[in-house]
Amino acid sequence: MSRVYNFSAGPAVLPEEVLKTAADEMLDYKGSGMSVMEMSHRGKVYDALIKEAEQDLRELVGIPDDYAVLFLQGGASTQFAMVPMNLMKNGKAAYIITGQWAKKAWQEGKKYGDAVAVASSADRTFAYIPDCSDLDIPEDADYVYICENNTIYGTVYHELPNTKGHLLVSDMSSCFLSRPIDVTKYGLIFAGAQKNVGPAGVTIVIIRKDLIRDDLPESVPTMLKYKTHADAGSMYNTPPCYNIYMCGLVFKWLKKNGGLEAMEKKNQAKAAKFYAYLDSSKMFKGTVDAKDRSLMNAPFVTGNAELDAEFVKKAEAAGLVSLKGHRTVGGMRASIYNAMPEEGVDALIEFMKKFEEEHGA
Ligand SMILES: *Cc1c(COP(=O)(O)O)cnc(C)c1O
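Residues numbered from 1 in each chain as written. Predicted model: local features only at pLDDT ≥ 70, side-chain atom pairs only at ≥ 80, totals over all residues. Heavy atoms only, no water.

Undergrad: Give a description of the side chain of T163 that names residues and reports values.
TA: As for its placement among the helices and strands, T163 is situated in the loop between β7 (155-156) and β8 (167-171). At 2.8 Å, the side chain of T163 and the backbone oxygen of H166 are in polar contact. For T163, the contacting residues outside a window of four places in its chain are I137, V144 and L168. (Helix = DSSP H or I, 4+ residues; strand = E, 2+ residues; numbered from the N terminus. Polar contact = N/O pair within 3.5 Å; in protein donor to acceptor, adjacent residues only side chain to side chain. Contact = heavy atoms within 4.5 Å.)

Pasting the structure below:
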């Protein structure tokens, strides 16, 4: 068996220890004589499993009791519709456009009401986070929407926007559990699991309970109401059972490794190392403003598309895989999520140095 260093933006690397536990428990989960994949979600064993996963997540993040935790399906993209369907009371919301995911959410929001773009960094291909200290937010906006870590462009909010008393809704898909979260600053947080948490197929939603409405229009599909899932403990219908199990193992791994503070330190150390090298390199350049750099996704380019392609190919052959950048940015992108060990970042830097030398930079 040989494992590569996997820099994929998502689905992405998972902790090896977690994968081994899942392998050990594959045929016989805790004496049940079956895999988690095979058991009824209504049975005792699974009931204990999902409750424990939620409890571990609550402890890990420090989620207050007045927030519900939901394990949903449909990916983060389904939240682009669920958020406006469930949270627009006045039919108005403010969106901050910092990349493709925020833009998609904004466009979806427009189907359900007046989704107003109050700030954008589209003018420079989303290479920065706009100043959000004094935005022109409509008084009657039901929420302010952000994409907290921009997976494609490699930027993150190091400071949250001033929402001027409005609810904050955050797409944390690519930074969830990478650093501590003050949940009380948000009305709703959601994250597709496949970036930094677990396998694709489960989306975690943390929603303040008073925002869960039972007065939605008849036309809102049952499956798209937060209330449906909150009332049923995420078991209204068959949940993504195995994916929740995998996320649960990751929560335990995080708890065992010092929780989110420790994870943030590790992530900062990894990113600092990588960006320090990038800034010293003659060949490779970062693509976003240094002050807004993501700790999770680091795009970079040589400025020469052929050289970029050669780099990606040779890196792959050396066991450093999925470094090709998003098609809209080009170049390379190294996603260095929680589960990427520091040795993986070291190996990438060494490889980049060698590549530079070989090309006489
Ligand atoms: C990947 C991603 C999405 C889309 O997730 P799906 O689960 O594929 O719908 C949305 N937002 C962000 C920030 C992402 O990184």
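Picking up where we left off.
Undergrad: How would you sum up the pattern of salt bridges? Please name residues and give values.
TA: Tallying each qualifying case throughout the model produces 23 salt bridges. Ionic pairing is found between E16 and K20, a salt bridge with its closest N-O pair at 3.6 Å. Of this pair, E16 and K20 both sit in helix α1 (residues 16-24), four residues apart, which is roughly one turn of that helix. Notably, a salt bridge pairs E59 with K255, separated by 2.7 Å at the nearest N-O pair. With E59 in helix α2 (residues 44-61) and K255 in helix α6 (residues 241-256), this residue pair connects regions lying 196 residues apart in the sequence. Residues joined by salt bridges that share partners form a network here, namely E52, D56, E59, K252 and K255. (Salt bridge = Lys/Arg side-chain N within 4 Å of Asp/Glu carboxyl O.)

Undergrad: Got a sec to walk through the sheet that holds strand β3 (residues 92-97)? Specific residues and values, please.
TA: Spatial strand order, β2-β10-β9-β8-β5-β3-β4: seven strands in an open sheet with mixed pairing. Either end of the sheet is taken by a strand with one partner, and the two such strands are β2 (67-72) and β4 (114-120). Across the sheet, the axes of successive neighbouring strands diverge by a mean angle of 20 degrees, strand direction being ignored. The pairing of β3 with β4 spans six bridges and is classified as parallel. Within the sheet, the bridge partner assigned to I96 lies in β4 and is A119. Sheet strands in contact with α2 are β2 and β10 (203-208), and its direction is about 130 degrees off that of β2. (Pairing = 2+ DSSP bridges. Axes fitted to C-alpha atoms, helices over the stretch in contact; angles between N-to-C directions.)

Undergrad: Any chance you could break down the nonpolar core for me, citing the residues and the numbers?
TA: Buried together is how nonpolar side chains tend to be arranged in soluble globular proteins. With 91 residues, the main nonpolar core has F176, L177, F251, F274, F284 and F311 as its most contacted residues. In terms of residue count, the dominant contributor to this core is α6 (eleven residues). Split by domain, the residues of this core number at least three in each of domain 1 (16-256) and domain 2 (259-358). One finds M82, V83, I97 and I212 within the second-largest nonpolar core, a separate group that totals 29 residues. (Core = buried A, V, L, I, M, F, W, Y, C linked by side-chain atoms within 4.5 Å. Buried < 20%, exposed > 50% of the residue type's maximum accessible area, 1.4 Å probe, protein only. Domains from an automatic or database assignment.)

Undergrad: Give a detailed account of the packing of aromatic side chains, specifying residues and quantitative values.
TA: The description of an aromatic ring pair rests on the distance of the ring centres and on the angle between the ring planes. This structure, assessed with the given rule, holds 16 aromatic pairs. For the ring pair F80 and W101, a centre distance of 6.5 Å and an interplane angle of 50 degrees mean the geometry is tilted. Here the residue F80 occupies a position in helix α3 (residues 75-87), and W101 occupies one in helix α4 (residues 100-109), the gap between them amounting to 21 residues. Centroid distance Y95 to Y145: 4.8 Å. Interplanar angle 25 degrees. Geometry classified as stacked. Note that Y95 is positioned in strand β3 and Y145 in strand β5 (residues 143-147), a separation of 50 residues in sequence. Here Y95 matches Y145 in class, with each residue buried. Chaining the aromatic ring pairs together yields one cluster made of F274, Y275, F284, F300, F311, F351 and F355. Over the face of the ring belonging to W106 we find K110, whose NZ or CZ atom lies 3.9 Å from the ring centre. (Phe/Tyr/Trp six-rings, centres within 6.5 Å; stacked < 30°, edge-to-face > 60°. Lys NZ or Arg CZ within 6 Å of the ring centre and 35° of its normal.)

Undergrad: Summarise helix α9 (residues 342-358); cite the residues concerned and give the values.
TA: Under the 1.5 Å per step criterion, the end-to-end length of α9 is 24 Å for 17 residues, consistent within 8% with the ideal 24 Å. Within α9, the full set of buried residues consists of G344, V345, L348, I349, F351, M352, F355 and E356. Mapping the buried residues of α9 onto a view down its axis gives an arc of 160 degrees, with all of them on the same face. Exposed residues pointing more than 90 degrees away from the buried face of α9 are listed as E357 and E358. Its buried side turned inward, α9 meets β1 (5-6), α7 (259-280), β12 (297-301), α8 (305-317), β13 (320-321) and β14 (332-335). Downstream of α9 by a residue or two, G360 has a phi angle that is positive, lying close to 65 degrees. (Expected span 1.5 Å × (residues − 1). Arc of directions from axis to C-beta.)

Undergrad: Can you tell me about the pairing of β10, naming the residues and giving the values?
TA: Extensive coverage of β10 is indicated by the burial of five of its six residues. Across six bridges, the pairing between β2 and β10 is antiparallel. By the bridge assignment for β10, Y67 is matched with R208. Inspection of the sheet shows strand β9 (residues 188-192) paired to β10 by five bridges, in the antiparallel sense. Residue pairing across strands places A191 opposite I204, the latter belonging to β10.

Undergrad: Please provide a residue-by-residue account of a nonpolar patch on the surface, values included.
TA: Taken together, the side chains of M26, L27 and M37 define a hydrophobic patch exposed on the protein surface, amounting to about 340 Å² of accessible area. The topology assignment puts L27 in the loop between α1 and α2. Given the relative accessible area of 73%, L27 is considered exposed. (Patch = residues over 30% accessible without salt bridge, like charges linked within 9 Å, V, L, I, M, F, W, Y side chains within 5 Å. Areas by Shrake-Rupley, 256 points an atom, 1.4 Å probe, with all protein chains shown as cover.)

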